[in-house]
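Spelled out, the chains give:
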Amino acid sequence: MNPKTTTVADKSFKMMISAETIADRIRVLGGEINRDFADKKPVLIGILNGCFLFMADLVKQIDVDCEIAFMKVSSYHGGMESSRTITEDYDLKMAVSGRHLIIVEDIVDTGNTMRFIVDKLQAKKPASVSIATLLFKPAAMEQKLDLQYVAFEIENKFVVGYGLDYKGLGRNLNAVYQVVL
Ligand code: IMP
């Protein structure tokens, strides 16, 4: 059992999405990807660091041939506000021209990070670019982006757990927790 409340660094958090609910929803998303990408041999591109648990659990639900790759960008720098300056820490090493790409991200908040990633990938002339995100905060969105696979839409409050951090901590929590202000 996961605790209902927890403290990460100097803030209190309460459980918002349980580990079981996350697992159920990822099974559904995996099924949709299997249906949509049969015979397309997609490349799942995980956006580090936050994607690591979602990516691992999602690929376990995918039974069509697929490859995986990673990119690393940062925009939050560990706090609760996006810096809006996106830095690319680790570029994609794989050649993806002509491939079907699925970006795997922990959360789309303002959408600025995702816009940056989509633009970078589109420049490499892939066959298609789709987006899978664990969390989406519609109220914070500043970009026009099609999000094909959204596990959960959430309100515009800071969250941690299941890969997401606050001040570098909390990524190892099995559930998603919302800040208590
Ligand atoms: P965006 O550019 O505003 O969409 O922010 C995207 C990135 O900010 C995500 O990949 C996360 O790393 C981080 N982020 C956004 N919202 C949260 C949150 O509520 N908790 C933890 N990290 C977040």
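Everything numeric here is computed off the predicted structure, so don't read it as measured data.

Novice: Kindly report on the site of the ligand, identifying the contributing residues and their values.
Specialist: As a structural note, the neighbourhood of the ligand is formed by 16 residues, with Thr110, Gly111, Thr113, Lys137 and Val159 the closest of them. A distance of 2.5 Å is found between an oxygen atom of the ligand and a side-chain nitrogen or oxygen belonging to threonine 110. Separating an oxygen atom of the ligand from a backbone N or O atom of glycine 111 is a distance of 2.8 Å. Relative to its unbound accessible surface of 480 Å², the ligand loses 92% to contact with the protein. Counting residues per element, the ones that place at least two in the shell around the ligand are strand S6 (100–108) and helix H3 (112–122). A per-element tally of the shell around the ligand places S6 first, with four residues. When its residues are assigned to classes, the shell around the ligand shows six nonpolar, five polar and five charged.

Novice: Just give me the short version of the sheet that holds strand S10 (residues 176–180), but keep the residues and values in it.
Specialist: Spatially, S1-S2-S10-S9 is the arrangement adopted by the four strands of the open sheet, whose pairing is antiparallel. Each having just a single partner strand, strand S1 (5–8) and strand S9 (159–160) make up the two edges of the open sheet.

Novice: Please set out the packing of aromatic side chains residue by residue, giving values where relevant.
Specialist: A complete count under the given rule lists three aromatic pairs for this structure. Look at phenylalanine 13 and phenylalanine 158: their rings are 6.5 Å apart centre to centre, the planes differ by 50°, and that puts the pair in the tilted class. Pair noted here: phenylalanine 13 is in strand S2 (residues 11–17) and phenylalanine 158 is in the loop between strand S8 (149–153) and S9, with a separation of 145 residues, a long-range link. Here phenylalanine 158 falls in the buried class, since its relative accessible area comes to 9%. Between phenylalanine 13 and tyrosine 166 the ring centres are 6.1 Å apart and the planes differ by 55°, which places this aromatic pair in the tilted class. You can see phenylalanine 13 sitting in strand S2 and its partner tyrosine 166 sitting in the loop between S9 and S10, a full 153 residues away along the chain. Exposure remark for tyrosine 166: the relative accessible area of 3% places this residue in the buried category. In this structure an aromatic cluster arises from ring pairing among Phe13, Phe158 and Tyr166. Against the face of phenylalanine 37 rests lysine 40, its NZ or CZ located 5.8 Å from the ring centre.

Basis of the calculations
Residues numbered from 1 in each chain as written. Predicted model: local features only at pLDDT ≥ 70, side-chain atom pairs only at ≥ 80, totals over all residues. Heavy atoms only, no water. Near = heavy atom within 4 Å. Polar contact = N/O pair within 3.5 Å; in protein donor to acceptor, adjacent residues only side chain to side chain. Areas by Shrake-Rupley, 256 points an atom, 1.4 Å probe, with all protein chains shown as cover. Helix = DSSP H or I, 4+ residues; strand = E, 2+ residues; numbered from the N terminus. Nonpolar A, V, L, I, M, F, W, Y, C, P; charged D, E, K, R; others polar. Pairing = 2+ DSSP bridges. Phe/Tyr/Trp six-rings, centres within 6.5 Å; stacked < 30°, edge-to-face > 60°. Buried < 20%, exposed > 50% of the residue type's maximum accessible area, 1.4 Å probe, protein only. Lys NZ or Arg CZ within 6 Å of the ring centre and 35° of its normal.

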